[in-house]
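Each chain, letter by letter, is given below.
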Amino acid sequence: MEIIVADTADHLDALAADRVADYIRAHPGRLLCLAAGQTPLGMMRVLLDRHRRGEIDLGAMRYAGLDDWLGLGYADAGSCAQFLRDNFYHPAGMPADRFRLFDGLTEAPEAECREMEAWIAAHGGLGLSVLGIGLNGHVGFNEPEHLVRHGPSRGCLVVDLDETTRRVSQKYFAKPLPVARGLTIGFAELAASDRILLLAGGAAKADIARRAFAENATPAVPASLLRTHPRFTVLLDPAAAAGWHGPSNTV
Ligand code: PGA
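Residues numbered from 1 in each chain as written. Predicted model: local features only at pLDDT ≥ 70, side-chain atom pairs only at ≥ 80, totals over all residues. Heavy atoms only, no water.

A. Expanded view of the overall build of the chain. In terms of regular secondary structure, the chain is built from nine helices and eleven strands. Along the first, second and third principal axes, the C-alpha atoms of the chain reach 45 × 45 × 35 Å. The buried share of the chain, taken over its 251 residues, is 57%. For the chain, the proportion of contacts with a sequence separation of at least 24, taken over those separated by at least 6, is 77%. Of the roughly 10400 Å² of accessible surface on the chain, 51% is carried by carbon and sulfur atoms. (Helix = DSSP H or I, 4+ residues; strand = E, 2+ residues; numbered from the N terminus. Buried < 20%, exposed > 50% of the residue type's maximum accessible area, 1.4 Å probe, protein only. Contact = heavy atoms within 4.5 Å. Areas by Shrake-Rupley, 256 points an atom, 1.4 Å probe, with all protein chains shown as cover.)

See the structure below:
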């Protein structure tokens, strides 16, 4: 595991974009899995700027959405589909056949999972996955309780969202939207990515980042299980590293 502490939050965005750009140049055509959420937004803006300047070609890649709220769709501001389309795919001018997002409005969630699995398999498995970390340590919607009970799931799955995730969900929505279940790429599928970049920024993430990356690995903190991945990088801003991590290092 490589842990990098950026100098500032903006620096984190730039470093994350550097890693993604390097991957795009080295592995054109591979599958990128991008999390939605507040954490990767700055990185996406940097990538879009570089794309517009012709420094990278975002259209060279294929993309898979990491997760979404079951019952919400593009019209629901704050859904992952809305976030990713409006903040990344549309501004990048991405052709529709280059990316696949979970359809949270599906009437058949299991079939939706099988379709995402087929998309991932058809494009050679996950290349680079860019993840955040939830306040409960989840990656995607791989919730602690699910990991503790069932272990890491391959493929994609429908999950019951835990209490923390349901509470935190409301920060994304302009109006209260009850969410109880989610669609997600499973933990084992993510862990099979060629390379994983996990971003954490802000003081609110310092405690869970410490538990995930400075204490013993445990399914109760799902992100901690990524530490055995051979190409796993954690990028922190100073606030997320505060109190538990000094200068950058590789362990
Ligand atoms: P955030 O979400 O980037 O909005 O903090 C992270 C997560 O829940 O995985």
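B. Main features of the packing of aromatic side chains. Applying the stated rule across the entire model yields eight aromatic pairs. With centroids separated by 5.4 Å and ring planes inclined at 75°, the aromatic side chains of Y63 and Y89 adopt a geometry described as edge-to-face. Taken together, the residues Y63 in strand 3 (residues 62-65) and Y89 in helix 3 (residues 80-89) connect sequence positions 26 residues apart. Taken together, a centroid distance of 4.1 Å and an interplanar angle of 5° make the contact between Y89 and F99 stacked. Of this pair, Y89 sits in helix 3 while F99 sits in strand 5 (residues 99-100), placing them ten residues apart in sequence. (Phe/Tyr/Trp six-rings, centres within 6.5 Å; stacked < 30°, edge-to-face > 60°.)

C. Layout of helix 8 (residues 206-213). Those residues of helix 8 not exposed but buried are A206, I208, A209, A212 and F213. The buried residues of helix 8 occupy one face: seen down the axis, they fall within an arc of 165°. On its buried side, helix 8 packs onto strand 1 (2-5), strand 9 (195-200), strand 10 (232-236) and helix 9 (238-241). (Arc of directions from axis to C-beta.)

D. Region of interest: the packing of helix 1 (residues 9-26) against helix 2 (residues 41-52). The geometry of helix 1 relative to helix 2 is characterised by a closest axis approach of 8 Å and an angle of 55° between their N-to-C directions. With respect to their mutual orientation, helix 1 and helix 2 come out oblique. In this structure, the crossing between helix 1 and helix 2 has a hand that is right-handed. Where helix 1 approaches helix 2, its residues D13, A14, A16, A17, D18, V20 and A21 are matched on the opposing element by G42, M43, V46, L47 and R50. Partitioned by chemical class, the residues of the contact of helix 1 with helix 2 number eight nonpolar, one polar and three charged. (Axes fitted to C-alpha atoms, helices over the stretch in contact; angles between N-to-C directions. Parallel < 35°, antiparallel > 145°, perpendicular 65-115°, else oblique. Left-handed = near helix turned anticlockwise from the far one by under 90°. Nonpolar A, V, L, I, M, F, W, Y, C, P; charged D, E, K, R; others polar.)

E. Highlighting the sheet that holds strand 8 (residues 181-185). Reading across from one edge, 4-8-7 is the order of the three strands in this open sheet, with antiparallel pairing throughout. The open sheet has two free edges, formed respectively by strand 4 (67-69) and strand 7 (156-160), since each of these has just one partner strand. Sheet twist, expressed as the mean angle between neighbouring strand axes with direction ignored, is 20°. Of the strand pairs in this sheet, strand 7 and strand 8 are connected by five bridges, and their pairing is antiparallel. Residue D160 lies in a different strand from strand 8, and its bridge partner there is R181. Packed onto the sheet, helix 4 (residues 109-122) meets strand 7 and strand 8 and runs at close to 140° relative to strand 7. (Pairing = 2+ DSSP bridges.)

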